[in-house]
Amino acid sequence: MTITFLLNGERVEVPQAAPTETLLDWLREKRRLTGTKEGCNEGDCGACTVMVREADGTARALNACILFLPQLHGKAVRTVEGMQGPDGALHPVQEAMVEKHGSQCGFCTPGFIVSMAVAHANGQRDHNDRLAGNLCRCTGYAPIVRAAEAAEAAPVPEWLEDDLTQIDPRPQDMLPETADALAAALEAHPEATIVAGATDVGLWVTKQLRELERVIFLHRCRDLQQIEVGETEIRVGAGVTIDRLHAAMQERHPSFAEMLRRYGSVQVRGAATLGGNIANGSPIGDSPPALIALGATLHLRKGDTRREMPIEEFFIDYGKQDRAPGEFVEAVTIPVQPDRLRCYKISKRFDQDISAVCGCFNIRVEDGVVAEARIAFGGMAGIPKRAAHVEKALLGQPWSEETIRAAEEAWAEDFTPMSDMRASAAYRLESARNLLLRYFHDTGDAPVLTSVLEVRA
Amino acid sequence: MSVTKPLPHDAAKLHVSGAARYVDDIPVPGDTLHLAFGLSQIAAGRITELTLDKVRAAPGVVAVLTADDLPFANDVSPSIHDEPLLSGRRISYLGQPIFLVVAESHLAARKAARLAQIEYQPRDAILTIEEALEADSRFEEGPRIYQKGDAGEAIDAAPHVLEGRIEMGGQEHFYLEGQAALALPQDDGEMVVHSSTQHPTEIQHKVAEAIGVPMHDVRVETRRMGGGFGGKESQGNALAVACAVAARLTGRPCKMRYDRDDDMMITGKRHDFRIDYRVGYDDEGRVQGIDFVHYTRCGWAQDLSLPVADRAMLHADNAYHLPHCRIESHRLKTNTQSATAFRGFGGPQGMLGIERVMDHIAHALGRDPLEVRRANYYRPAGEQPASAEAAPEPAPKRVAPGDEVDLASRGAVGQVPQSGLPKAPEGVQTTPYGQPVQDFILHEMTEALLESSDYAARRQRIAEWNAENPLIKRGIALTPVKFGISFTLTHLNQAGALVHVYQDGSVRMNHGGTEMGQGLFQKVAQVAASRFGVDVSAVKITATDTGKVPNTSATAASSGSDLNGMAVKAACDTIRQRMANLLAGLHQARAEDVRFADGRVTVGEADYSFAEVAKLAYENRVSLSATGYYRTPKLAWDRIKGQGRPFFYFAYGAAVTEVAVDVLTGENRILRADVLHDAGASLNPALDIGQVEGGYVQGAGWLTTEELVWDEAGRLRTHAPSTYKIPACSDRPEVFNVALWDGRNREDTIYRSKAVGEPPFMLGISALMALSDAVAACGDGSVYPALDAPATAERVLMAIRRQQGQG
């Protein structure tokens, strides 16, 4: 396959690109662009952050270490070397970083510069969120945020305006342009690995050193990337990235959006897709519990055959999903409903951390009595799972602390979590139970402050 | 003058443009080979069969080496030769390098390294403190004990006694640039090594041993590291040695860098500690007598564990006068990564022990911990009799011929002062190891910080908040830092420099210190610029190079600018003196009347540019090149007795931290931190504040989210940033006020500045103590929180449950 993209404003063509060659390795080894650093090789430190602009003009910060070359087809890439003007003039965020002493050892700095430049180009000033995917071990971040703030008002340098019209990305095998083409390709090659954002499959390659025989990329299927808001349901295409889902949920289900704000990092949310987060079947993926609590439906497709199911039924057992070879996740539909959803993500670190426990609650109370309860958890079992016994213990009961305490025994019937490096089984069970209490206080008539994230000095 | 100016890091522009080169960025010859280790999958036992056929047959593999294939020393230890580069049959930890793959690419080497077929005969691994004690698995013959007075008697006689235990985890360095080295074979058997190391001389020494040449055949160069934090003091040895051995074997350049997971599985981390304490105190909370027992897991090899554990003992007092004190230290040998240097070098662990005690005493007495801390402070500098007797110079040490100890390592065994130790003047308070404390400035610093942080009013507001909010509790704490500055291995307190002035007046400067982000090079360049009276841009900073300045000490123990600043000053002053003598002769003036300032050199009416003087000197056959040398005065230390003056001076600091905790989940965060730190007369306030901010956040990370987890098989489960969580951007305190204390070092250091690398790390202890305060607010106050570290959400919730009478 021949991959064509813009690199720092210059058109490049990579003939016979290996499907799993990472942008980072290619930049450093083939192009000798060593400003982009390898810090962790798994998308967790941000030292390899690059700017990727799509044909529609959207600029994103992405991790080059888990970005395969075919994912760049038809896009524009800017590395730290491309942030300076043709005459060597520094980008405003570069100047500010020097001025505010934002670099010490300097190794993470190129990644920060790119993340900051992307946020600057997009006019985003929520610096904590924009920089959550860039780790720095020297500065304690304070001078970096000062630099980001100092550069806010500066105009975006014109040299960052990449002209994507000159690329002419030719259609390529294994890079289907539509869901129909994807369905056909998967029928022909049911053994193929499907790659959307590569935030998970990337690690198969960089960490497990797996050789993937055949890879089909679905990021060019525009029709899988639609969000359609109807009267009764919201249909989210499998190829919708988490950052777009986040934006779509902000009005309707702000707690879901708040949880997605902490899903991975900017770099991960810009690459990862909803379909990928479901299809990989991880017991600690953050979107499934929320979707289960919302009563979402999963839509699968194989060739021209489609089927659908309540999303919780997709997860059969650890590592096992109800998906046939050649079948793929096409969309999720979420019923339109009044917002009662609360999503609670417990992790060692607030930002960019995998959940120890992710609990999502959607409880309808009528006349003081629990009329409907959908409670789902990640991190509590081998699959994202509903708390069926707890739900049953609540149904028909007065919505009160007494009812919640009376339901305590039911938790152990629903879940026997494991102990691992993220948390002990005891902590998981106890915090899960307590999250129902948090939900009670969060949604009561006289809400009580329940989140340390809302406390200020 | 250039010193005291808040100039940016010398490489800041290179950093932000991606042009700063690290080892892996250096252009290499096309035939360069790449290396990877094959790692043990068990923690303890023997290899019964090692089959490497598939490794050798893998694509791109050029050679595969085992211990038997090494031509000379199989040793990368910085101390007692107990750390083979490749394991041989005996396996000491899970992750230990067993064999070395040499291949055409980094990826080919990594892939091949996983293809070995290895049969093991495992034995029970010693992983925990209990297991090590039971097996008497330890370094040194028994526990080290330092004491002053009679702690047992003083505790028994005290009005109150309490005892307790604190456990504190280790810490992964997580330097953003992983370990890396590149060896380039030269003609006539020479080897040039680029290494990401804090200790080029150590690398030179180990490489020379490994390829069987004298040290003069190995030249090590280090331009910069992408972070070190102690993790590159000894942990780079293996890569540099592997590269040199493979380069010698193949005649081709060899490069090695660890993948992040390998880095975390192979290399050492901060030592975790358990500290048991028993303390007797009066109604004011003043300590009458105290007994500490330190237990530390050192891992499988000795590395630098003895001086780390020593330094923990030396900081068991922190800022508090302990009239009767006993400290017992167990250095336990376990089948885990060999714990190593990490910013503070045991100091933080020892200090956390006494800070826990202060917190515990305050709880028992129902007082604000701040009052108990202040009641125990050493007396102010102004109230101590001055002029401690200077230490006699130690007699020269004789080294037996053939003695192969690595003298330049902190793992070396120190000489014992031959001529006795200095006596403290009458009436001066001393540390538990007998060093007089005569520069104590924490009373006035604490007062200033209480005022600037509005401590009293906030403490009141927090109490009100806690009364009103059932599910979120707040806490606040002030903790001080007193940190001893100098290598405790006295002979390491020396440094050299090499300075050249060229005919055009430009200056090229070299010294033994290494740059890991701390801004050392810029600070020292500012010193050089100040000596010559030129702008700092006239001074070229060059890579650390064992061929220019030999026998360097590691850039460690916060010593970088103290030692190298003085050495560079000495070199500059030699040249300056020669210039002054020349001009004095030409103008019939006195040399001391020649002035170097603002890029000009003036004598009487005559006024030259610095470049003109350089040219003049050359024409008059005056040397424009000089070495400089410095050794720290007044030191004398006996680490076996635990007596003497290991430190030239102390650096001070204090922090107030406010936190919030979630009663239902234990989730917690830092809301605000106010810091006042003592950098003496700062050489560069911007860089020093950078060290303070970064140190605080790193210290707070150690005590909150950074948790190392090993499973029952001894496998480290947190071996990547996906599972090991250093602070992220939003974890820094949202309100973060950092200021430097305005004062001069009482000792004659470079421009009266103070070392600033490690001390601020321990300001993070205030975060843990603030969490303790918040947890205490979750119950009726009858139960002491006894919060262990790291205080993850889980540990905090368990502590809250104890407050509530559960768990």
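Scroll up to find the structure.
Residues numbered from 1 in each chain as written. Chains lettered and ligands numbered in written order. Predicted model: local features only at pLDDT ≥ 70, side-chain atom pairs only at ≥ 80, totals over all residues. Heavy atoms only, no water.

Draft legend 1. Expanded view of the overall build of chain A. Broken down by element type, chain A carries 16 helices and 18 strands. Referenced to the eigenvectors of the C-alpha coordinate spread, the extents of chain A come out at roughly 70 × 60 × 40 Å. Taking all contacts inside chain A whose residues are at least 6 apart in sequence as the whole, residues at least 24 apart take part in 65%. With the model as given, the accessible surface of chain A reaches about 16600 Å², and the carbon-plus-sulfur share is 47%. Charged side chains of chain A number 49 positive and 65 negative; the gap between the two group centres comes to 3 Å. (Helix = DSSP H or I, 4+ residues; strand = E, 2+ residues; numbered from the N terminus. Contact = heavy atoms within 4.5 Å. Areas by Shrake-Rupley, 256 points an atom, 1.4 Å probe, with all protein chains shown as cover. Lys, Arg positive; Asp, Glu negative; His and termini not counted. Charge placed at Lys NZ, Arg CZ, Asp CG, Glu CD.)

Draft legend 2. Quick peek at the pattern of salt bridges. Across all of its chains, the model carries 101 salt bridges over all chains by this definition. Between Arg125 of chain A and Glu152 of chain A there is a salt bridge; the shortest N-O distance is 3.8 Å. One end of the pair, Arg125 of chain A, is in the loop between helix H3 (109-122) and helix H4 (127-130); the other, Glu152 of chain A, is in the loop between helix H5 (142-151) and helix H6 (179-188), with 27 residues separating them in the sequence. Looking at Glu152 of chain A, the relative accessible area reads 24%, which means it is partly exposed. Residue Lys111 of chain B pairs with Glu211 of chain A through a salt bridge whose shortest N-O separation is 2.9 Å. Of this pair, Lys111 of chain B sits in helix H3 (residues 106-113) while Glu211 of chain A sits in the loop between helix H7 (201-206) and strand S7 (215-217), which puts the two residues in different chains. (Salt bridge = Lys/Arg side-chain N within 4 Å of Asp/Glu carboxyl O. Buried < 20%, exposed > 50% of the residue type's maximum accessible area, 1.4 Å probe, protein only.)

Draft legend 3. Geometry of the packing of helix H16 (residues 425-443) of chain A against helix H19 (residues 793-803) of chain B. Packing of H16 of chain A against H19 of chain B brings their axes to within 11 Å, and their N-to-C directions diverge by 75°. Of the possible angle classes, the one that applies to H16 of chain A and H19 of chain B is roughly perpendicular. Along the contact surface, H16 of chain A presents Tyr427, Glu430 and Asn434 of chain A, while H19 of chain B presents Ala793, Glu794, Leu797, Met798 and Arg801 of chain B. Residue composition of the contact of H16 of chain A with H19 of chain B, grouped by class: four nonpolar, one polar and three charged. (Axes fitted to C-alpha atoms, helices over the stretch in contact; angles between N-to-C directions. Parallel < 35°, antiparallel > 145°, perpendicular 65-115°, else oblique. Nonpolar A, V, L, I, M, F, W, Y, C, P; charged D, E, K, R; others polar.)

Draft legend 4. Molecular detail of unusual backbone geometry. Residue and element names in this part refer to chain B. Omega for the bond connecting Ala789 with Pro790 falls within 30 degrees of zero, at 0°, which places this linkage in the cis form. Within the secondary structure, Pro790 is located in the loop between helix H18 (765-776) and H19. The phi torsion at Phe229 lies on the positive side, around 60°, for a residue other than glycine. Along the chain, Phe229 turns up in the loop between strand S11 (218-222) and helix H7 (237-250). Here Asn318, not a glycine, exhibits a phi torsion of approximately 40°, which is positive. You can see Asn318 is positioned in the loop between helix H9 (305-314) and strand S15 (325-333).

Draft legend 5. Seen up close, empty space enclosed by the protein. All names here are of chain B. Tallied over the entire structure, the rule returns 15 cavities of 30 Å³ or more. Volume-wise, the largest cavity comes out at about 420 Å³. As for the largest cavity, its lining consists of 32 residues, of which Met516, Gln518, Ser558, Gln691 and Gly757 are closest to the centre. Those elements that provide at least two residues to the lining of the largest cavity are helix H14 (520-532), helix H15 (560-587) and helix H17 (685-703). Considered class by class, the residues forming the lining of the largest cavity number eleven nonpolar, 15 polar and six charged. Volume-wise, the second largest cavity comes out at about 250 Å³. (1 Å grid on protein atoms, 1.4 Å probe; cavity = no way out; pocket = protein on both sides within 12 Å on 5 of 7 lines; lining within 4 Å. Points joined across faces, edges and corners; volume = space filled by probe spheres on them.)

Draft legend 6. Focus on the sheet that holds strand S9 (residues 180-185) of chain B. Residues and elements named next belong to chain B. Overall, mixed pairing links the eight strands, which are arranged S3-S5-S1-S12-S9-S10-S11-S20 in an open sheet. The two strands at the open ends of the sheet, each matched to only one other strand, are strand S3 (61-65) and strand S20 (544-545). In this sheet, strand S12 (residues 254-257) lies alongside S9 in antiparallel orientation, the contact comprising four bridges. Within the sheet, the bridge partner assigned to Ala181 lies in S12 and is Met256. (Pairing = 2+ DSSP bridges.)

Draft legend 7. Spatial organisation of the pairing of strand S2 (residues 10-14) of chain A. All names here are of chain A. Of the strand pairs in this sheet, strand S1 (residues 3-7) and S2 are connected by five bridges, and their pairing is antiparallel. Bridging across to S2, Phe5 finds its partner in Val12. A loop of two residues connects S1 with S2, the two strands running antiparallel in sequence, and Asn8 in this loop sits at a positive phi of about 50°.

Draft legend 8. The sheet that holds strand S18 (residues 385-386) of chain A, seen in detail. Residues and elements named next belong to chain A. Taken together, the four strands give an open sheet; going across it, the order is S15-S16-S17-S18, and neighbouring strands pair in antiparallel fashion. The two strands at the open ends of the sheet, each matched to only one other strand, are strand S15 (341-346) and S18. Of the pairings in the sheet, the one linking S15 to strand S16 (residues 357-366) comprises six bridges and is antiparallel in character. By the bridge assignment for S16, Lys345 is matched with Cys358. Here helix H9 (residues 254-261) sits on the sheet and contacts S15 and S16; the angle it forms with S15, its principal contact strand, is near 20°. Each of S15, S16 and strand S17 (369-378) touches H16; the most contacted strand, S16, lies at about 40° to it.

Draft legend 9. Representation of the layout of surface pockets. Residue and element names in this part refer to chain B. Put simply, the second largest pocket is a space of about 850 Å³. Forming the boundary of the second largest pocket are 37 residues, of which Glu707, Leu708, Val709, Trp710 and Arg795 lie nearest the centre. Secondary-structure elements contributing two or more residues to the lining of the second largest pocket are helix H4 (129-134), strand S8 (160-168), strand S13 (273-281) and H19. Grouping the amino acids of the lining of the second largest pocket by side-chain chemistry returns 15 nonpolar, seven polar and 15 charged.

Draft legend 10. Summary view of the packing of helix H10 (residues 347-365) of chain B against helix H11 (residues 369-376) of chain B. All names here are of chain B. Look at H10 against H11: their axes get within 8 Å of each other, and the N-to-C directions meet at 120°. In terms of orientation, H10 and H11 fall into the oblique class. Helix-helix and strand crossings are classified by hand; for H10 and H11 the assignment is right-handed. Counting all contacts with H10, which are made through Glu355, Met358, Asp359, Ile361 and Ala362, the residues of H11 involved are Pro369, Val372, Arg373 and Asn376. (Left-handed = near helix turned anticlockwise from the far one by under 90°.)

Draft legend 11. Spatial organisation of the side chain of Arg28 of chain A. If you trace the backbone, Arg28 of chain A turns up in helix H1 (residues 23-30). A distance of 2.9 Å separates a polar atom in the side chain of Arg28 of chain A from a polar atom in the side chain of Asp24 of chain B. (Polar contact = N/O pair within 3.5 Å; in protein donor to acceptor, adjacent residues only side chain to side chain.)

Draft legend 12. View of the state of the cysteines. Tallying each qualifying case throughout the model produces zero disulfides over all chains. Cys48 of chain A carries a free sulfur, and the closest cysteine sulfur to it, the one in Cys65 of chain A, is 3.8 Å from it. (Disulfide = S-S within 2.5 Å.)

Draft legend 13. Molecular detail of the interface of chain B and chain A. On the side of chain A, 80 residues touch chain B, which itself brings 88 residues to the contact. Summed over both partners, the interface of chain B with chain A buries about 6900 Å², with 57% contributed by carbon and sulfur atoms. In this assembly, chain B and chain A are joined by 15 salt bridges. The interface formed by chain B and chain A holds 42 residue pairs in polar contact (both at pLDDT 80 or more) in total. Top contributing element to the side of chain B that touches chain A by residue count: H17 of chain B, with seven residues. (Buried area = accessible area lost by both parts, 1.4 Å probe.)

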